[in-house]
Structures are given as structure tokens and as C-alpha cells.
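Listed here are the chains, written in short residue letters.
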Amino acid sequence: HRHRRFACYTAQKGVAMLEGCFTAIITPFKGDGVDHDGLDALVAFQIKNGISGVLAAGTTGESPVLSWDEHNRVIEAVARSTRGRCRCIAGTGSNNTRESLAATEHAVKADVEAVLLVDPYYNGPSSLEIRREYVAPVTRAFPEVQVIPYVIPGRTGAQLLPEDLAILSKSHPNVRTVKEATGNLENMKRTRTCCGPDFTILSGDDGVTFAMLTDPQIMAGGVISVASNVAPGAVVRMVGLLREGRQDEARHLFSALEPLFGLVTVKTMEKTPYGEVVCRARNPLAVKALMSILGMPSGGCRQPLGKMTRNGIDVVLRAARTVQSKNPEVFKPVEDFFEVNISERLENPSLLENLCYKEY
């Protein structure tokens, strides 16, 4: 089996292989600042439940609304909490290469093992430009750290293509992994063809993880998960079973977790004085709302993200109640670690008052 042949480190390259289950950690807020005590608790919760590593200040961690000082302090805190216990990846991507170089320099000094570079958003460089003018300068400047391109065209409007990714991996030994969130299995198969068997593809989309790890033309090595913020043990177990080839057992866990996977984007129809409109609550809004309901440190999202509609909150509640009624073991680690009663909290309407707008 491919995964059994890989050690955690590859001597030929001298760069850590990143496979397994990683959590794109939520950044909790309190008042106008980052809740660092809450962040420490969330990281400790992840580590206790066997996570392979934690991604600090990724886009799920609301990196677009963190000041650079806050961004750097979050990375320092997570690097410190994870040191010697699990891997730490730092989100250092930007649509400005100079900013990414500065952020990566800070992350390397904080002793992270890898950095994640999201495709440049809005200014929309070509794949050629992403390779030559963005990823390559960072990989050359910091050869001691693994650089992970993060391909998510639905959010960025740009895409590093498999062909350019392969050129990077062949010329830069510290590009050995990609976070793949295109939702396009054919693109992932092309990545495997271009980059070869010793390149790691990590799922960036919880709902596609099962397919990515079981498709012999993709052979993904794990996931950088959002759902693992609230269900790390179950996601870790599912990924572990898939990496061992135990698909039937893993399929049960995938089914148990599936209601949570739909919370990355919650779409509802809302009534306005001018007719119905689609309201789309995007990550991390719904997951943060769920964490608040469950009794975990979260705080609200920062503007321009705000709150959900009541219809949106109802979607979150239905998903959580389905998990709790059919597979209560999924939330049991939250209950034990944060000393809460999940069933009671899911039926407490007072917890919803500040999570949704009173009207559209």
C-alpha cells in the first residue's frame, strides 16, 4: 500500500511528508481581539483527539480579517502549543507576494513545519504567474520549510494548474504537497499524473475526502479539515481507516459526519420586500455558530461576515441534532473536554439569540 511505504520524513528531499488529518483551526474572538485562551483550548482539544497537525491562520481561521500582528501572534501561539505534540502549518498566503514572503519569514522563525499559500485572490494571476511570481519566490527564499499551494478557485478566482504544480515540485524539493479544493476529481487525477506517486494530495473539502482517498487515480494522503474543529476524533478515525484500506468501516464514519460537511456553505431562501433571494452563509460562519451552540470557544465572525439568518441557523441545528441523535459519539469528545451537555445545548433557544439576524 502506497501509504505504508512512506516514512514521516523523506531522506532524499530532507522535507517532512505531510499526510494524515489536519485541522484548519478556527480563530476565536473575544471583544475586539483574538481569544488566545480559547485558541489554546481549541488546540489542546485537537491534540487530545489525535490530530496529525493544526493549520494556524488559514482562511477558515479568518486570516483575511486578522491584522498582520494578530496573524503572527496566532501562528506563534499555535506553533508553541503544538511543538513536540503534532505538526503546525501556518497560513502565509496573500495576493501580494511581498506580504507572503514577510509572513513566511515570521512563520519560519516561529518554527512551523510548513506554510500554506492560497492562490492569489481578486487580482487573478495566471497559473504561470502563480508559479513563477508567487510560489517559487517563497520556496526559494525558505528551502527549509515545506510550501503547500492551496488551490481553491471557487474562492480566489485563480488556479494553479496541475502542470505548473508539477514543474514546481520537480524544481523545488520543498513543494511536496498540495491542498486540493477544486471539487474536481479530474483535476486531482491530473495532479497525480503530473506530480507522480511520491507527491501528497491533501483534501481541502471534507465532503470529497472519502472519494479522494479511495480513488486509485488520486490516492490522497489525508485532509485539512473544517469539520474536525467540532469532531476531530471521528475525522481522524475516518482518515486512518481509509489510509489502511478499511473502506467499509470508514464509510460508516463518513455517513455519521456527512451532515456536518454541508455546513461549509449554507444556502437558504429568504424573503425580502422585493421577492425571494438566495442567502449564502460561507465558511467559517456556520461552523463558528455551531461551536458557539456546542459550548466551544468561538466568538462571532469579523465584518464583513456577520450572522446567519434564522433559516440558516435552523440548517445548522438540524445537522447537529441529526449527528447527536444517530451518532452521539461524534460530539462526545466536545462534551467531555469542554464539560458541556450537548443534547441540552442543542435544545436551548436562548443560545441562538445572538447568532442570527432578527430580520433579513
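Just so you know, these numbers come straight off a predicted model, no measurement behind them. Each chain has its residues counted from 1, following the order in which its sequence is written. Reporting in this predicted model follows two pLDDT cut-offs: at least 70 for local features of residues, and 80 or more for side-chain atom pairs to be given and counted; totals over whole chains, interfaces and linings ignore these cut-offs and use all residues. In computing side-chain values, all of the structure's heavy atoms are included and hydrogens and water are not.

S.K.: If you had to explain the overall build of the chain to someone new, which residues and values would you point to?
M.R.: Helix and strand counts for the chain stand at 14 helices and 14 strands. Along the longest, intermediate and shortest principal axes, the C-alpha atoms of the chain span 55 × 45 × 40 Å. For each residue, the accessible area found with a 1.4 Å probe, counting protein chains only, is set against the maximum for its type, and the residue is called buried under 20%, exposed over 50%, and partly exposed in between. Split into buried and exposed, the 360 residues of the chain put 57% on the buried side. Counting contacts in the chain only where the partners sit at least 6 residues apart, residues at least 24 apart contribute 70% of the total. For the chain, the exposed area adds up to about 15,600 Å²; of that, 48% sits on carbon and sulfur atoms. Counting rule for charge: Lys and Arg are taken as positive, Asp and Glu as negative, and neither His nor the chain ends is counted. By convention, the point assigned to a charge is CZ for Arg, NZ for Lys, CD for Glu and CG for Asp. Taking the average place of the 41 positive charges on the side chains of the chain and the average place of its 40 negative ones, the gap between the two points comes to 3 Å. We count a stretch as a helix when DSSP gives it H or I for four or more residues in a row; a strand needs E for two or more, and each element gets its number in order from the N terminus. By definition, residues are in contact when any of their heavy atoms lie within 4.5 Å. In these tables, accessible area is a Shrake-Rupley quantity obtained with a 1.4 Å probe, and a residue counts as shielded only by the protein chains included in the view.

S.K.: Mind laying out helix α10 (residues 247-261), listing which residues take part and the relevant values?
M.R.: A residue's bend is given by the angle between axes fitted to the 7 residues ending at it and the 7 residues starting at it. A bend of about 35° at Ser255 is the largest found in α10, and the proline Pro259 appears one to four places after it. Among the residues of α10, those classed as buried are Ala250, Leu253, Phe254, Ala256, Leu257, Leu260 and Phe261.

S.K.: Explain helix α9 (residues 232-243) residue by residue, including any values.
M.R.: The end-to-end C-alpha separation of α9 is 16 Å, in line with the 16 Å expected for twelve residues at 1.5 Å each. What α9 keeps buried is the set Pro232, Ala234, Val235, Met238, Val239, Leu241 and Leu242. Against β3 (20-24), α1 (36-48), α8 (209-214), β12 (222-225) and α10 lie the buried residues of α9. Of the residues one or two after α9, Gly245 is the one with positive phi, at around 80°. An expected span of 1.5 Å times one less than the residue number is assigned to each helix.

S.K.: Please provide a residue-by-residue account of unusual backbone geometry, values included.
M.R.: In this chain, Asn283 is followed by Pro284 through a cis amide linkage whose omega measures 10°. Geometrically, the link from Gln303 to Pro304 is a cis peptide bond, its omega value of 15° lying close to zero. Mapping Pro304 onto the fold places it in the loop between α11 (285-294) and α12 (310-326). Even without being glycine, Glu62 reaches a positive phi, approximately 60°. With respect to the element layout, Glu62 can be found in the loop between β6 (53-56) and α2 (68-82). Although it is not a glycine, Tyr122 adopts a positive phi angle of roughly 70°. Mapped onto the secondary structure, Tyr122 falls in the loop between β8 (114-118) and α4 (127-141). Note on Tyr122: relative accessible area 77%, which makes it exposed.

S.K.: Outline the side chain of Ser100, supporting the account with residue identities and numerical values.
M.R.: Position of Ser100 among the secondary structure elements: in helix α3 (residues 97-109). Beyond its immediate stretch of four places on either side in the chain, Ser100 contacts Thr92, Gly93, Ser94, Leu117, Tyr134 and Val138.

S.K.: Any details on the pattern of salt bridges? Residues and values, ideally.
M.R.: Pairing between side chains of opposite charge can happen when their charged atoms approach one another. A pair is scored as a salt bridge if a Lys or Arg side-chain nitrogen falls within 4 Å of a carboxyl oxygen belonging to Asp or Glu. Using the criterion set out here, one finds 16 salt bridges in the structure. The partner of Arg302 in a salt bridge is Glu70, with the nearest N and O atoms 2.7 Å apart. Of this pair, Arg302 sits in the loop between α11 and α12 while Glu70 sits in helix α2, placing them 232 residues apart in sequence. Exposure class is identical for Arg302 and Glu70. Each is buried. In this structure, Arg321 and Glu347 form a salt bridge, with 3.2 Å as the shortest nitrogen-oxygen distance.

S.K.: Could you give me a rundown of the pairing of strand β10 (residues 177-180), with the residues and numbers involved?
M.R.: What you see with β10 is no split at all: Thr177 and Lys179 on one side and Val178 and Glu180 on the other are buried throughout. A pair of strands counts as paired when DSSP detects no fewer than two bridges linking them. Pairing of strand β9 (residues 146-151) with β10, which is carried by two bridges, proceeds in the parallel orientation. Paired with Tyr150 across the strands is Lys179, a residue of β10. Running through helix α7 (residues 185-195), the crossover from β10 to the neighbouring parallel element strand β11 (residues 200-203) is right-handed. Clockwise travel from the first strand over the helix to the second, with the strands pointing away from the viewer, marks a crossover as right-handed.

S.K.: Give me the lowdown on the state of the cysteines, citing residues and values where you can.
M.R.: We call a pair of cysteine sulfur atoms a disulfide whenever their separation is within 2.5 Å. By the definition in use, this model includes zero disulfides. With no disulfide partner, Cys21 has as its closest neighbouring cysteine sulfur the one in Cys86, 11 Å distant. The exposure class of Cys21 is buried, given its relative accessible area of 1%. Take Cys88: it sits in no disulfide, and the sulfur closest to it among the cysteines is that of Cys86, at 7.6 Å.

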